[in-house]
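Next come the chains, spelled out residue by residue.
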Amino acid sequence: MAVKSDFLVIGSGIAGLSFALKAAEAGRVTLVTKMGPEETNTKYAQGGIASVFSDEDDFELHVRDTLEAGAGLCHEDAVRLVVTSGPERVRELIAWGVEFTRSDNAASNGYDLHLEGGHSRKRILHAADITGAAVERAVLAKVAAHPRIKVFDHHMAIDLITRRKLERRRKGKDRCLGAYVYDTKSGDVEVFVAGATLIATGGSGKVYLITSNPDVASGDGVAMAARAGARIANMEFMQFHPTCLFHPPRGKFSDQ
Amino acid sequence: MLVDAAGREFMHRYDERGSLAPRDIVARAIDAEIKRSGRECVYLDMTRLSADEVKHGFPNIYERCLGFGIDITKDLIPVAPAAHYQCGGVWTDLDAKTTIPGLYAAGEVTCTGLHGANRLASNSLLEAVVFAHRAAQKACAEREPTPEADGIPAWDAGSATDSDESVVVTHNWDEIRRAMQNYVGIVRTDRRLLRARSRIDFIKKEIKDYYWNFVVTKDLLELRNIAVVADLVVTCAMRRRESRGLHYNADCPNPDATQPPRDTIVEDYRY
């Protein structure tokens, strides 16, 4: 039996969860995630979330720092959009129950802001040193309690279903209709259809032998989108931690 | 201080500033040292500090390493470059739309134009919530009816049978990851990229046969996906004939100043 909804979300990191909460205002949401829903790259984010929160900071400085790091390849419109939307989105996370570390510094509006490499001002909101886990936990609790969001854990999307693939052609009008989804426990594959589909599967650290990412980060979303013919860009830019604690693999697919 | 397996300091062989050289130079030196020695890691040496200095100055690192059986007051700490964050990905516009109507993307999986050739620390969670918000706004405003499932064929398992040899999956999985680690890491060269290219092409063919003949498993699906991602990373790395941001190719070690910086775009990927 096909699973029908208005919105299909693939992935349960912060992007998938926050989209689900918003889309659920307008319709029914189905969210699939291949492990338990809390096992995501978001959870392992140790730094924090950068946003202009201090009276001593401003949008232009955050834009400039981002452009400088990007070595001439950032799209300034995207940078400006993200930077200027930042404070509103961070306040939304706070309203959803994320508890960022506070301080009594009036200039930083009551929050403890860290300074990180490449930032010219203190602007990193954090929840001690487990920001990702705190964000994931708070937003996941809201999603789990939402009556119009159904979470399918231990479900892995195999491939997107598109008009072109159904009609076996490479050109002409296309549309994404949903995905084939594999139930990792029963072994069944089911059709999931939706008016709109969001890919929010996170990163692909597991393409390398040594990675700081959790086991789930196998680039499923990029691979699926590429096979469906979506445009892919800039995959040569993989960020490495040069001095990650190295310990040999303990199991065949486990070596964080 | 960074040392080799014999405990010898090596950074001064690469830069006169030693371990105090800029971060990208240190990263490349570590990569070079690992490739030169053929080992999987280099070492951090903290044994020159007193045990008290180490325990009080670095309590978290001390505890964490002790959990792995490494006493950093006495032992060298093995360290290696680890893949951490994917700056490219599924291309989207400012509304998180991909090039396929009805398909949106947000978070690390995307290439929105925010990170360019290198990500600024802690910008990624922000990017995820901003583009998830934009996607939700657009998807609700341009809401399409849920498609009928009738016209969509059920999953075709064909004549697939249970595999009796999972070792093919394990082997290919390991081979892709090793090739990427060794040949498409921090320092790339034309020769290394070609080596990765030929290995990944071969594995892709093997997976194709395997995929259609056997009942799917999570390991097989993930293997098929990392093969595509590895293919895309190598393709993009070969196309960029310059070094910029996180991409460093020793055969073209400088940014190309003869033309404006441009994205590496893959349209119509064939697998």
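See above for the structure.
The following paragraphs examine the structure supplied in this document. Only a predicted model underlies this, so the values are computations on that prediction, with no experimental measurement involved. As a convention, each chain's residues are numbered from 1 in the sequence order in which they are written. Note on labels: chains are lettered from A, ligands numbered from 1, in written order. Confidence filtering applies because this is a predicted model: local features only for residues at pLDDT of at least 70, side-chain atom pairs given and counted only at 80 or more, and all residues used for totals across whole chains, interfaces and linings. Hydrogens and water are ignored here; the side-chain numbers use all heavy atoms of the structure.

## As for the layout of surface pockets
- Cavities and pockets were defined on a 1 Å grid built over protein atoms only: a cavity is a set of grid points that admits a 1.4 Å probe from which the probe cannot escape, a pocket is an open set flanked by protein on both sides within 12 Å along at least five of seven lines, and lining residues are those with an atom within 4 Å of any such point. Grid points are joined across faces, edges and corners, and a volume is the space filled by probe spheres set on the points. Quantified by volume, the second largest pocket comes out at close to 1200 Å³.
- Lining the second largest pocket we find 36 residues, and of these D159, K165 and R227 of chain A together with W212 and Y271 of chain B sit closest to its centre.
- Looking at the lining of the second largest pocket, the elements with two or more residues in it are β7 (155–162) and α5 (163–166) of chain A together with α6 (190–213) and α7 (218–239) of chain B.
- Every helix listed is a DSSP run of H or I at least four residues long, and every strand listed is a run of E at least two residues long, numbered separately from the N terminus. Among the elements that make up the lining of the second largest pocket, the one with the highest residue count is α6 of chain B (6 residues).
- Throughout, the ten residues Ala, Val, Leu, Ile, Met, Phe, Trp, Tyr, Cys and Pro are labelled nonpolar, Asp, Glu, Lys and Arg are labelled charged, and all others, Gly among them, are labelled polar. Residues of the lining of the second largest pocket, tallied by class, amount to 16 nonpolar, 3 polar and 17 charged.

## Things to note about the packing of aromatic side chains
- Two rings belonging to Phe, Tyr or Trp (six-membered ring only in the last case) form a pair when the distance between their centres is within 6.5 Å. Interplanar angles under 30 degrees mark stacking, angles over 60 mark edge-to-face geometry, and anything in between is tilted. Overall, the coordinates contain 6 aromatic pairs over all chains when judged by the stated rule.
- Here Y180 of chain A and W155 of chain B contribute two aromatic rings whose centre-to-centre distance is 5.2 Å and whose plane-to-plane angle is 65°, an arrangement assigned as edge-to-face. You can see Y180 of chain A sitting in strand β8 (residues 176–183) and its partner W155 of chain B sitting in the loop between α4 (124–141) and α5 (167–183), one on each of two chains.
- Only protein chains enter the calculation, and the probe is 1.4 Å; a residue is then buried if its accessible area is under 20% of its type maximum, exposed if over 50%, and partly exposed in between. Judged by relative accessible area, which is 11%, Y180 of chain A ranks as buried.
- Overall, the relative accessible area of 23% leaves W155 of chain B in the partly exposed class.
- When the centroid spacing of 5.1 Å and the interplanar angle of 90° are considered together, the rings of Y208 of chain A and F240 of chain A count as edge-to-face. Separated by 32 residues along the polypeptide, Y208 of chain A in the loop between β9 (189–199) and α6 (220–227) and F240 of chain A in strand β11 (residues 238–245) bring together distant segments of the chain.
- Judged by its relative accessible area of 11%, F240 of chain A falls in the buried class.
- Only Lys NZ and Arg CZ are tested; either one counts as a charge over a ring when it is within 6 Å of the ring centre and within 35 degrees of the ring normal. In this arrangement the basic side chain of K150 of chain A is found over the ring face of F152 of chain A, its NZ or CZ atom lying 4.8 Å from the centre.
- Looking at R119 of chain B, its charged tip hangs above the ring of Y85 of chain B, at a distance of 4.3 Å from the centre.

## Structural notes on the sheet that holds strand β4 (residues 89–91) of chain B
- Spatial ordering of the open sheet is given by β6(B)-β4(B)-β10(A)-β9(B), a layout of 4 strands whose pairing is mixed. Edge strands, defined here as strands with exactly one partner in the open sheet, are β6 (110–111) and β9 (265–266) of chain B.
- Where strand β10 (residues 232–233) of chain A and β4 of chain B come together, 2 bridges link them in antiparallel fashion. Along β4 of chain B, the bridge assignment pairs A233 of chain A with G89 of chain B.
- The contact rule is simple, with two residues in contact once any of their heavy atoms fall within 4.5 Å. Angles shown run from 0 to 180 degrees and are taken between the N-to-C directions of axes, each axis being a line fitted to C-alpha atoms and, for helices, limited to the stretch in contact. The strands touched by α6 of chain A within the sheet are β10 of chain A together with β4 of chain B, with β4 of chain B carrying the most contacts at an inclination of about 45°. Whether two strands pair depends on DSSP finding at least two bridges between them.

## Concerning the nonpolar core
- Counting residues in each nonpolar core, the largest one holds 75 residues, and the members touching the most others are L160, Y208 and I232 of chain A together with M180 and L232 of chain B.
- Per-element tally for this core: the top contributor is α7 of chain B, with 13 residues.
- Among all residues touching L232 of chain B, those that are not within four sequence positions of it are V222, A226, I232 and M235 of chain A together with V266 and Y269 of chain B.
- Take the buried residues of types Ala, Val, Leu, Ile, Met, Phe, Trp, Tyr and Cys, join any two whose side-chain atoms come within 4.5 Å, and each joined set is a nonpolar core. Residues V9, A15 and A200 of chain A together with A128 of chain B belong to the second largest nonpolar core, which totals 51 residues.

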